[in-house]
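Analysis of the macromolecular model
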Amino acid sequence: MVAKNVKVYLGADHGGFKAKEAIRHWLKEKGIEFEDVGTYSHEPVDYPTYAEKVAKAVAQGGEHTVGILACGTGIGMSMAANKVKGIRAAVCHDEFTAQMAREHNDANLLCLGERVVQTGGETLKIVQKFLDTPFSNEERHGRRVGLIAGIEGAPAKARKPAARAKKK
Ligand code: RB5
């Protein structure tokens with residue numbers, strides 16, 4: 001995934017509203033295509049509503065679509081988003097977890113905890129790392145991502161681990 005070719009669906013609840021606003025400004029400044037599904041104020045709302053909107057848009061959008069969801073911890077958003085078939089949502093608290101979520105897990109949805117990652121600058125570094133890091137495409141990571149898809153009902157073939165799995 002390269003930030004320039006991607007469309008970002010962005011959402012938050014009240015706990016992640018400030019982070020979402022910072023990300024929205026940043027995406028605009030960078031010229032990255034995005035759609036903000038809300039929430040649009042600090043007024044308390046229910047995070048699953050926004051997780052569902054973003055996750056469904058990403059699942060329908062395919063390869064060059066990615067989601068970013070912010071709440072207080074990132075946890076509720078990831079739980080809700082991962083209920084949608086085809087979504088691999090990852091809670092990332094730093095650049096390392098963002099990089100691994102892309103390289104190893106081919107995550108298509110980044111979840112951020114505004115109350116965990118408290119500095120605006122760090123949040124944007126995590127977003128940048130997530131958007132700029134491609135999936136490694138190494139066989140073992142592809143196989144494991146396939147196994148995740150298998151859990152949500154992909155053909156049995158995708159669930160069978162390869163015999164010569166290297167450990168890492
Ligand atoms: C809202 O107070 C908070 O629970 C929510 O933003 C999120 O952290 C849930 O996981």
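Scroll up for the structure.
These lines cover the structure that appears in this document, whether it is placed above or below. (Residues numbered from 1 in each chain as written. Predicted model: local features only at pLDDT ≥ 70, side-chain atom pairs only at ≥ 80, totals over all residues.)

**Points about the packing of helix H1 (residues 17–30) against helix H5 (residues 120–132)**
- Following both chains from N to C, one finds H1 and H5 inclined at 60 degrees, their axes separated by 10 Å at the closest point. With respect to each other, H1 and H5 are oriented oblique. Considering only the axes of H1 and H5, their crossing is right-handed. The segment H1 lies against H5, with Ala19, Ala22, Ile23 and Trp26 engaging Gly120, Thr123, Leu124 and Val127.
- The class makeup of the residues in the contact of H1 with H5 is six nonpolar, two polar and no charged. (Axes fitted to C-alpha atoms, helices over the stretch in contact; angles between N-to-C directions. Helix = DSSP H or I, 4+ residues; strand = E, 2+ residues; numbered from the N terminus. Parallel < 35°, antiparallel > 145°, perpendicular 65-115°, else oblique. Left-handed = near helix turned anticlockwise from the far one by under 90°. Contact = placed C-beta atoms within 7 Å. Nonpolar A, V, L, I, M, F, W, Y, C, P; charged D, E, K, R; others polar.)

**Some remarks on the pairing of strand S3 (residues 65–71)**
- Judged by how many residues are buried, S3 sits mostly within the fold: seven of seven residues are covered.
- Judged by which residues are buried, S3 turns out to be covered on both faces: Thr65, Gly67, Leu69 and Cys71 on one side and Val66, Ile68 and Ala70 on the other are all buried.
- Where strand S1 (residues 7–12) lies against S3, six bridges are found, and the strand directions are parallel. Across the sheet, valine 8 pairs through a bridge with valine 66, a residue of S3.
- Inspection of the sheet shows S3 paired to strand S5 (residues 109–113) by five bridges, in the parallel sense. Among the inter-strand pairings, isoleucine 68 is bridged to a residue of S5, identified as leucine 110. (Buried ≥ 20, exposed ≤ 12 C-beta atoms within 10 Å, placed from the backbone. Pairing = 2+ DSSP bridges.)

**Considering the pairing of S1**
- In terms of residue burial, S1 counts as a mostly covered element, since five of its six residues are buried.
- As paired elements, S1 and strand S2 (residues 33–36) share four bridges and run parallel to each other. By the bridge assignment for S2, leucine 10 is matched with aspartate 36.
- For the crossover that starts at S1, traverses H1 and ends in the parallel S2, the hand is right-handed. (Right-handed = clockwise from strand over helix to strand, strands pointing away.)

**Quick look at the nonpolar core**
- Core analysis: the biggest nonpolar cluster contains 41 residues, and Val54, Leu69, Ala81, Leu109, Leu110 and Cys111 have the highest contact counts within it.
- Leave out the neighbours within four places in its chain, and cysteine 111 touches Leu69, Gly74, Met77, Ser78, Ala81, Ala89, Ala90 and Val91. (Core = buried A, V, L, I, M, F, W, Y, C linked by C-beta atoms within 7 Å.)

**Some thoughts on H5**
- The end-to-end C-alpha distance of H5 is 18 Å, a good match for the 18 Å that 13 residues give at a rise of 1.5 Å each.
- Residues of H5 that are buried: Thr123, Ile126, Val127, Lys129, Phe130 and Leu131.
- Each element contacted by the buried residues of H5 is listed here: H1, S3, helix H4 (95–103) and S5. (Expected span 1.5 Å × (residues − 1).)

Functional significance is not addressed by these values, which are geometric in nature.
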